[in-house]
Amino acid sequence: STTFEKIDRVQFSDIDQSSTVFTGYSDYTSVVGNVVAGNSYTFTATANANGWTNDIVLVWIDYNHDGTFDPVAELAFTSAIGSGPWTGSITIPATATYGTTRMRVRLSDSNAGHNATPCGTSTYGEVEDYTLNITDPTLAVSADANKAKIAVYPNPFHDVLKISDVKAVKSVSVNDMSGRQVKT
């Protein structure tokens, strides 16, 4: 049923996605969240007005980029059972493979046809997929840049560095891994 247990909004790192599709599965892999290995981030999901007191949210991240979610090792978040919103912390392991990978968010009724695995269907609920860009902590964007809410990607980069949402930024300096400034 797509009437009940519908994800209304997901917030995690740079992701702030309001859901607009009511199909049971939504592909938001074009929405990218940038995270740094070893760091923790707040995750919040909210349900539509038809959420129930038996609802639960689970999040998996393909940390090793093998194209499948390990149901146990890659389970990044399990909410308390309730009608939401569901908020908690997700720590990206320091051992996570760098680069882009998939994050899956599942909302379902914990009592009626619940599926606590990353794949397959459930009687009531929705699944949404997103993309995460996991970066090396030695190449991470500085705290000042994070405050300005700019996005710098890909990280690491070879020839082209993209910077978005630079309205409040007066200058940008790019340093190599040794700390030497290579561009300003």
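Anything mentioned here points back to the structure above.
Keep in mind it's a predicted model, so treat the numbers as computed, not measured. (Residues numbered from 1 in each chain as written. Predicted model: local features only at pLDDT ≥ 70, side-chain atom pairs only at ≥ 80, totals over all residues. Heavy atoms only, no water.)

**Overview of the overall build of the chain**
Helix and strand counts for the chain come out as one helix and 13 strands. Starting at the N terminus and walking to the C terminus, you meet the elements of the chain as β-β-β-β-β-β-β-β-β-α-β-β-β-β. By the burial criterion, 39% of the 184 residues in the chain qualify as buried. For the chain, the exposed area adds up to about 9,900 Å²; of that, 52% sits on carbon and sulfur atoms. (Helix = DSSP H or I, 4+ residues; strand = E, 2+ residues; numbered from the N terminus. Buried < 20%, exposed > 50% of the residue type's maximum accessible area, 1.4 Å probe, protein only. Areas by Shrake-Rupley, 256 points an atom, 1.4 Å probe, with all protein chains shown as cover.)

**Quick notes on the pattern of salt bridges**
Taken as a whole and assessed by the stated rule, the structure comprises four salt bridges. A cluster of three or more residues bridged by salt bridges with shared partners is formed by Arg102, Arg104 and Asp129. (Salt bridge = Lys/Arg side-chain N within 4 Å of Asp/Glu carboxyl O.)

**Some points on the sheet that holds strand E8 (residues 99-109)**
With mixed pairing, five strands are arranged side by side in an open sheet as E3-E9-E8-E5-E6. Lying at the two open borders of the sheet, with one neighbouring strand each, are strand E3 (25-36) and strand E6 (75-78). Put simply, the sheet's adjacent strands are angled 20 degrees from each other on average, direction ignored. Inspection of the sheet shows strand E5 (residues 55-61) paired to E8 by seven bridges, in the antiparallel sense. Along E8, the bridge assignment pairs Leu58 with Arg106. (Pairing = 2+ DSSP bridges. Axes fitted to C-alpha atoms, helices over the stretch in contact; angles between N-to-C directions.)

**Details of the pairing of E5**
Counted residue by residue, E5 has seven buried out of seven residues, so it is predominantly covered. Along E5, one buried face is formed by Asp55, Val57, Val59 and Ile61 and the opposite face, lined by Ile56, Leu58 and Trp60, is buried too.

**Section: the nonpolar core**
The tendency in soluble globular proteins is for nonpolar side chains to be buried side by side. Within the largest apolar cluster, 29 residues are counted, with the highest numbers of intra-cluster contacts made by Phe43, Ile90 and Ile92. Those residues within four positions of Ile90 in sequence are excluded, and the remaining contacts are Phe12, Asn39, Ser40, Tyr41, Phe43, Val59, Ile61, Tyr63, Ala76 and Phe77. (Core = buried A, V, L, I, M, F, W, Y, C linked by side-chain atoms within 4.5 Å. Contact = heavy atoms within 4.5 Å.)

By themselves, these are just geometric observations and shouldn't be taken as functional.
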